[in-house]
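Reading the structure
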Amino acid sequence: MFRKLVTFEEAKKIINENFTPLPIGDEDVALLEAYNRVLKDDIISSLDVPSFDRSTVDGYAVKAEDTFEADEDKPVTLNISGAVFAGEQPKMVLNKGEAVEIVTGAPLPKGADAIVMLEDAERLDNQLHVYTPATSYLNVMKKGSDIKCGKTVLHTGQVLGSSEIGVLAALGLTKVRCFKHPMVAILSIGDEVVTPGKLLPAGKTFDINAYSLSTAIVECGAKPVFFGVAPDDKVALNKTLTTMLASADVVITSGGVSIGPHDYTSQSIDSLGKPGVVLSGIAVKPGKPTTVAFAQNKPIFSLPGNPSAALLMFYLLVRPVIQSLCCRDLTEIRSIRAFTGAKLFSAKGRRTFVMVKLVLDAEKGRLIAEPVLGSSGAITLLSDADGFIEVMENQQYINKDEEVLVKLFKQI
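The paragraphs below set out a description of the structure included in this document. Remember, it's a predicted structure, so these values are computed and weren't measured experimentally.

The end-to-end C-alpha distance of helix α4 (residues 234-247) is 20 Å, a good match for the 20 Å that 14 residues give at a rise of 1.5 Å each. Elements that come into contact with the buried residues of α4 comprise β13 (183-189), β16 (223-230), β17 (250-254), α5 (265-270), β20 (291-295) and β21 (298-303).

See below:
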């Protein structure tokens with residue numbers, strides 16, 4: 001039986017009062033495996049990037065002052081004294097009145113301070129006719145102009161994307177210190193649930209929640225550990241939950257949290273340790289049966305079996321906890337203004353999350369939020385929806401054509 005239902009805001013407060021997410025450790029990660037990981041320490045460059053003055057174009061290295069008199073009708077003539085290619089160290093010294101052929105990325109020879117592009121000059125045997133004057137360091141990337149030695153290039157807590165990985169490679173690093181991934185154990189509960197790939201008997205359904213929740217966990221930066229499907233059996237469930245708690249940093253179950261005769265989840269998670277269940281039932285729709293417990297200073301979230309309700313409650317309550325454990329900044333669910341396409345009603349006394357699809361009203365130049373029809377048991381309710389509208393506990397309804405804030409599930 002549910003305890004007295006707590007409000008949605010009270011539920012968040014109870015979770016925050018019972019658990020303070022802290023880093024679970026750090027480790028060295030190979031650079032090619034560091035994508036989407038969170039940086040543990042500041043990265044300070046030990047070298048200049050580039051480590052030499054280099055050409056940014058194909059052309060000729062010159063002394064800029066030798067070209068100041070160049071004109072389309074009266075070019076400056078320079079003697080070509082050699083060539084420099086990418087990856088080699090030039091041995092020559094450029095003297096007054098000379099030019100050196102050079103390719104993109106090659107280091108400037110000593111004495112040169114500018115590059116004349118191929119299209120601004122004409123070569124005749126070993127002489128170069130320059131038609132456009134060059135300024136000092138024209139078409140040159142100076143030593144340290146990208147990254148200076150001693151500069152802090154990445155900071156603690158940064159999420160490593162492709163550009164950050166590129167910066168680390170530019171510094172010659174092969175590994176980087178990152179915060180460890182939290183391990184999140186997932187269990188689906190119910191005699192009616194079957195793992196995909198197996199034969200589906202009459203009256204049963206394939207396990208949806210383990211797969212949708214696992215993906216959502218990866219999006220948070222954590223690592224899901226799937227414990228399969230547990231039957232509605234108290235002894236077996238207690239044994240599995242004990243193993244999950246011992247091997248993971250967060251435990252998530254779905255199903256078995258209602259008030260049916262075979263719903264043992266709340267009792268089982270309450271027996272795992274103190275303080276046990278801290279809330280059992282939230283005044284929301286969908287997601288009312290959501291139950292939260294803590295044991296061994298680890299959070300245990302028992303979500304409804306209905307796929308859309310489970311995923312919605314994950315976004316609203318579980319996601320912030322996992323992001324914090326991952327040492328990531330909490331990302332707010334993005335939102336956009338729209339106008340309701342129909343009258344939206346609340347469930348009496350409960351905060352109601354109405355799934356909507358956004359449609360462009362080209363005539364009025366605005367977005368219309370059309371309710372997506374379906375029950376919380378339908379996974380397509382979320383896949384068809386672009387976002388949701390909150391109807392607060394003290395609201396009876398939101399009128400049609402009223403401006404509202406739509407919180408988004410996806411990019412639109």
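So, about the side chain of Ser55. By the element assignment, Ser55 lies in strand β3 (residues 54-55). Take Ser55: its relative accessible area is 2%, and that puts it in the buried class.

The next thing to look at is the packing of helix α3 (residues 209-220) against helix α6 (residues 307-325). Viewed as axis vectors pointing N to C, α3 and α6 meet at an angle of 25°, and their least axial separation amounts to 10 Å. Judged on the interaxial angle alone, α6 and α3 are roughly parallel. Here the hand of the crossing between α3 and α6 comes out right-handed. Residues Asn209, Ser212, Leu213, Ala216, Ile217, Glu219 and Cys220 of α3 form the contact with α6, whose own contacting residues are Pro307, Ala310, Leu311, Phe314, Tyr315, Arg319, Ile322 and Gln323. Looking at side-chain class alone, the contact of α3 with α6 contains 10 nonpolar, three polar and two charged residues.

The subject of this paragraph is the nonpolar core. One finds Ile252, Phe301, Leu303, Phe314, Ile322 and Met355 to be the most contacted residues of the largest nonpolar core, which totals 45 residues. Counting residues per element, this core draws most heavily on α6, which supplies 12 residues. If sequence neighbours within four positions are ignored, Phe314 has contacts with Leu213, Ala216, Ile217, Cys220, Ile252, Leu303, Arg319 and Ile322. Within the second largest apolar cluster, 17 residues are counted, among which are Leu187, Met244, Val251 and Ala295.

Procedures and definitions
Residues numbered from 1 in each chain as written. Predicted model: local features only at pLDDT ≥ 70, side-chain atom pairs only at ≥ 80, totals over all residues. Heavy atoms only, no water. Helix = DSSP H or I, 4+ residues; strand = E, 2+ residues; numbered from the N terminus. Expected span 1.5 Å × (residues − 1). Contact = heavy atoms within 4.5 Å. Buried < 20%, exposed > 50% of the residue type's maximum accessible area, 1.4 Å probe, protein only. Axes fitted to C-alpha atoms, helices over the stretch in contact; angles between N-to-C directions. Parallel < 35°, antiparallel > 145°, perpendicular 65-115°, else oblique. Left-handed = near helix turned anticlockwise from the far one by under 90°. Nonpolar A, V, L, I, M, F, W, Y, C, P; charged D, E, K, R; others polar. Core = buried A, V, L, I, M, F, W, Y, C linked by side-chain atoms within 4.5 Å.

Functional significance is not addressed by these values, which are geometric in nature.
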